[in-house]
Amino acid sequence: MKRILLLILGVWGLLALACQPTPSPQSSPNILLICVDDLRPELGSFGVDYIHSPHIDQLAAEGVAFRRHYVNAPSCGPSRYSLLMGRYGPAGNQALFQRAQQMAAGDTSVFPSLPEYFRGQGYTTVSVGKVSHHPGGRGGPDWQDSSQIEMPGAWDRHLMPVGPWQHPRGAMHGLAKGEIRVQAGDMAVYQAVEGEDELYPDGLIAEEALQQLAQLTTQPEQPFLLAVGFIRPHLPFGAPEQYLRHYAETELPAIPHPDAPLTRTTWHASGEFMKYQRWDKDPYQDSAFVEAVRRHYAACVSYADAQIGKVLAALEKSGAAENTIVVLWGDHGWHLGEHAIWGKHSLFEEALRSPLIIRAPGQAKANVQTSAVVESLDLFPTLCELTGQEIPAYAQGTSLLPILQNPRMPGHPAFSYQSEALTLRTDRYRLIHHQDGFNELYDHQSPERETKNIARLQPEVVKELTATLAAKQALRKP
């Protein structure tokens with residue numbers, strides 16, 4: 001009788017187990033890609049203690065910060081092209097639209113973009129804000145024409161909240177309360193107005209990102225790639241007053257090498273900056289104006305940091321953070337008076353170096369910094385490896401997974417370009433090669449850094465780096 005009872009209990013137990021819901025398989029890791037426009041690598045986590053960037057710094061404390069990450073072009077469009085395509089490309093801001101035109105013409109040589117590739121692997125792909133060159137990813141006079149798409153087939157949803165700025169173009173160059181740039185000379189180069197974060201466009205981008213994140217995380221079995229692009233600290237330097245107050249009493253460090261080069265370089269006259277309303281103030285003559293510009297830029301960094309903090313907090317609250325790769329990427333650097341430049345568009349260190357932070361589930365190393373030289377092109381294969389996807393043969397970068405596992409690992413030369421010149425950054429040197437054959441060579445182990453051209457003194461180094469540069473250029477499709 002006892003044996004029969006045990007048999008019955010055993011059968012009941014098996015039936016009870018059979019009736020239990022089968023646990024959903026752990027989905028592939030999600031990806032949260034945060035893009036920030038014109039962000040210098042001047043953050044607390046990158047060794048600059050006067051910048052208030054607590055949320056980015058916390059992300060760095062949980063991941064790996066790449067202190068020598070270089071973009072592939074010192075301008076928004078081509079830099080974002082290399083990130084999103086995983087390939088070297090044209091030097092102009094229309095690079096993505098040119099690719100879209102090739103696709104429309106049936107050009108079969110066009111490879112899938114990063115979001116297209118992950119979409120093909122079953123990911124839901126969503127873009128909010130400025131991820132490709134135009135916020136919202138559309139063309140037309142006000143960047144809202146749905147018949148002109150920067151990245152066809154890339155996104156399940158491609159969103160740009162505009163609020164009182166009316167359209168993406170207005171938001172891109174907008175100041176408080178919906179002020180749209182019509183003539184740059186009539187718009188203040190910097191501004192701080194008392195009010196909530198939504199007073200400026202990035203506040204609305206953050207709110208939309210939270211809504212998308214809430215929607216995406218309701219289906220944990222469906223992996224997602226959410227790309228969120230913040231506009232500040234892009235010109236004009238406008239942010240809510242509360243962020244400027246962080247710097248009211250801050251003593252700013254001296255600008256390193258502030259003089260214009262005396263010899264040939266990729267120096268320019270800061271046209272983008274100079275065309276804004278400066279109240280007849282000259283940054284080359286007026287030190288008080290320079291201080292104000294630098295403080296307002298810093299305020300924009302803190303404002304962007306606060307929006308990033310909202311997104312990271314929402315990810316944590318959703319419960320999806322443990323299965324989400326987070327990447328913070330700056331699309332290029334920005335001169336704040338170094339080499340007497342106010343802007344980007346040079347091939348100096350200040351225009352090409354930007355922050356890169358990666359936090360991945362189960363990451364072996366955290367709260368560490370690496371000095372390995374890497375480039376934006378490397379993110380495509382890195383994300384493939386981190387998510388268990390095959391790296392497509394057309395991706396030209398090098399996976400950063402070995403460096404994430406061992407931050408002391410060496411990097412590789414970083415290649416960047418503009419229309420008139422190319423540059424290669426190695427662990428020690430920067431070579432800039434002009435179209436007519438003129439070379440600049442700078443030694444970063446010397447105190448002069450990029451203020452003394454030693455090309456004539458080091459012909460063998462120039463020859464070696466020129467060969468590497470030529471090999472990189474051969475991979476590029478201008």
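Anything mentioned here points back to the structure above.
Residues numbered from 1 in each chain as written. Predicted model: local features only at pLDDT ≥ 70, side-chain atom pairs only at ≥ 80, totals over all residues. Heavy atoms only, no water.

## Digging into empty space enclosed by the protein
In this approach a probe as big as a water molecule rolls over the atoms, and the regions it shows empty are the leftover space.
In step 1: Scanning the entire structure with this criterion turns up 1 cavity of 30 Å³ or more.
In step 2: Empty space within the largest cavity amounts to approximately 40 Å³.
In step 3: Its residues assigned to classes, the lining of the largest cavity shows 6 nonpolar, no polar and 2 charged. (1 Å grid on protein atoms, 1.4 Å probe; cavity = no way out; pocket = protein on both sides within 12 Å on 5 of 7 lines; lining within 4 Å. Points joined across faces, edges and corners; volume = space filled by probe spheres on them. Nonpolar A, V, L, I, M, F, W, Y, C, P; charged D, E, K, R; others polar.)

## Quick notes on unusual backbone geometry
In step 1: With an omega of 15°, the peptide bond between Arg232 and Pro233 qualifies as cis.
In step 2: Mapping Pro233 onto the fold places it in the loop between β9 (224-230) and β10 (237-240).
In step 3: Geometrically, the link from Leu235 to Pro236 is a cis peptide bond, its omega value of -10° lying close to zero.
In step 4: Of note, the phi angle at Trp143 is positive, near 65°, even though the residue is not glycine.
In step 5: Position of Trp143 relative to the elements: it lies in the loop between β5 (138-139) and β6 (145-149).
In step 6: Trp143 gets classed as buried once you look at its relative accessible area, which sits at 13%.
In step 7: For Ser270, which is not a glycine, the phi torsion comes out positive at approximately 60°. (Helix = DSSP H or I, 4+ residues; strand = E, 2+ residues; numbered from the N terminus. Buried < 20%, exposed > 50% of the residue type's maximum accessible area, 1.4 Å probe, protein only.)

## Side note on the nonpolar core
In step 1: Counting residues in each nonpolar core, the largest one holds 74 residues, and the members touching the most others are Leu32, Ile34, Leu226 and Phe273.
In step 2: Top contributing element to this core by residue count: helix α10 (residues 287-318), with 16 residues.
In step 3: Core analysis: the second largest hydrophobic core is formed by 50 residues, Val131, Phe348, Ile403 and Leu404 among them. (Core = buried A, V, L, I, M, F, W, Y, C linked by side-chain atoms within 4.5 Å.)

## As for the pairing of strand β1 (residues 30-36)
In step 1: When you tally the buried positions in β1, you get 7 out of 7 residues, the bulk of the element.
In step 2: The side-chain alternation of β1 yields two buried faces, one formed by Asn30, Leu32, Ile34 and Val36 and the other by Ile31, Leu33 and Cys35.
In step 3: Bridge count for β1 against strand β11 (residues 324-330) is 7 bridges, and the pairing is parallel. Residue Leu33 lies in a different strand from β11, and its bridge partner there is Val327.
In step 4: Bridge analysis of β1 against β9 gives 6 bridges, and the strand direction is parallel. The residue of β9 that forms the bridge with Ile31 is Leu225. (Pairing = 2+ DSSP bridges.)

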